[in-house]
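# Structural characterization, general
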Amino acid sequence: MPGAWQSVRRRSPPAEAGRKETQDELAGVGAHRCWIAGDKMNTHFTRREFLNCSMTVVTAAVLGQTRISPVFAKSKNEAGMLNKIVLSDPMALGNDGSQAMIFLRPPVSTGKWIVHLHGGGLCYNYDSCQIRQANDPALMTFNGLPSAYPVSGILSSDPAVNPWNNFGALLIPYRTSDFFGGGGDSGDWKFRGRYVLLAALNYIDQTYGPIQELILSGSSAGGVGVLASIDWVTAWVTSIVPAAKVKGLCDAGWLLDKMPFDPLFLSPREQADLGAVYWHGNGAGVLYLSTNFTSLVNKNNVFVQIAQYDQSQLQALGVVNGSAEEIAYCAQFRLDVIASLVQQGVTGYYCPKTNLHGLALGTSWTTNYINSLSLRDTMLRWYLGLPGGKQVGT
């Protein structure tokens, strides 16, 4: 569709070529980026633009109960830092060819790890990648990352915050624009997300020994990556340690296969289909959609967190003005989200009646409640096989 989307006009902030991300932006508080590139031309909005458009609609839809928050709550440095490590695998590269990097804290308990995939949208063809490069160049390179990264939520080593505090923590910055599913190059752009994840796992194995217990978590686009990767990651881990335990957390990456409110926007399926080809991914675009969940071999080992009025997903579907029609669309979206968790047979989930996009890395990991249970509490119950591992806000 290279010609069609050119006629769609959207305001976009000026390009900031060569700008490095600030520490706040690395923690998720800077310019808001759409979860997926839902507009045929551009969906990069500043924080103020984002809150002024989508929040009007969603606040009305939830009858004034919506909490406005950044994509990820600003990380509170609860338990130290993760230190930067440059991976040596020549196949593990960012979009611009920069060498992949990770942030890591060694485990207290040998062989136990949380590997978290960061989020940050996508691009799916030459034009959308050019726009992404102009508006958010830092999202396409591993260059310019700080030497250490503050942790919170599921990556915290504080036992009061994180039940898996004795696990090693490894964060993979998202600089491949491909839902961690890419396996090749298109023109000057390299899409090596799958290789980056594999290189990170190999680094653990070669440096600290075999993985015996793993939580593969991800937020936003990283959550999509969890769904697309959980089967091959499980196969890789258990090929080394057959009795290894592998679980997944898809945090705000539950992408509905839904037609946009605005017909000028590309649907999630259209974007995923285009991306799967452009990234040289291992399979069709449906791999990145929630409708593929029942096809997963390890679906019973994945926990899902998705807000009923997920702000980024609704904005990507063209909800921007707060009209009566958009409010009705939001109400149906809420019902579709809840129904999809049941229809897809998800064994554990946390589905709050908010517009929050991503709870795993911020303070909302422990401070957002459904029936007096936080995401942390609910996921732990599911992980241990206890009652209460499915929560839906009302």
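All of the points below concern the structure found in this document. (Residues numbered from 1 in each chain as written. Predicted model: local features only at pLDDT ≥ 70, side-chain atom pairs only at ≥ 80, totals over all residues. Heavy atoms only, no water.)

## A word on the pairing of strand β11 (residues 348-351)
Moving residue by residue along a regular strand, the side chains alternate between the two faces of the sheet. The alternating pattern of β11 places G348 and Y350 on one face and Y349 and C351 on the opposite face, and all of these are buried. Strand direction decides the pairing type here: strand β10 (residues 302-305) and β11, joined by three bridges, are parallel. Across the sheet, V304 pairs through a bridge with Y349, a residue of β11. One ladder, built from three bridges, connects β11 with strand β12 (residues 390-392); its direction is parallel. Bridging from a neighbouring strand, C351 pairs with V392 of β12. (Buried < 20%, exposed > 50% of the residue type's maximum accessible area, 1.4 Å probe, protein only. Helix = DSSP H or I, 4+ residues; strand = E, 2+ residues; numbered from the N terminus. Pairing = 2+ DSSP bridges.)

## As for the packing of aromatic side chains
For the structure shown, the criterion picks out 13 aromatic pairs. Here F103 and Y149 contribute two aromatic rings whose centre-to-centre distance is 5.5 Å and whose plane-to-plane angle is 40°, an arrangement assigned as tilted. In this pair, F103 is assigned in strand β2 (residues 101-105) and Y149 in strand β4 (residues 148-150), connecting sequence segments 46 residues apart. The class of Y149 is buried, set by a relative accessible area of 5%. (Phe/Tyr/Trp six-rings, centres within 6.5 Å; stacked < 30°, edge-to-face > 60°.)

## Structural notes on the nonpolar core
V115, I154 and I172 are the most contacted members of the largest nonpolar core, which totals 99 residues. In terms of residue count, the dominant contributor to this core is helix α5 (residues 221-240) (nine residues). The residues touching I154, leaving out its near neighbours within four places in the chain, are I114, H116, N162, I215, S217, L249, A360, L361, W365 and M379. (Core = buried A, V, L, I, M, F, W, Y, C linked by side-chain atoms within 4.5 Å. Contact = heavy atoms within 4.5 Å.)

## Points about the environment of R175
Locating R175 in the fold gives a position in the loop between β5 (168-172) and β6 (184-186). Overall, R175 belongs to the buried group, its relative accessible area being 3%. Here the side chain of R175 touches T141 through a polar contact of 3.1 Å, landing on its backbone oxygen. (Polar contact = N/O pair within 3.5 Å; in protein donor to acceptor, adjacent residues only side chain to side chain.)

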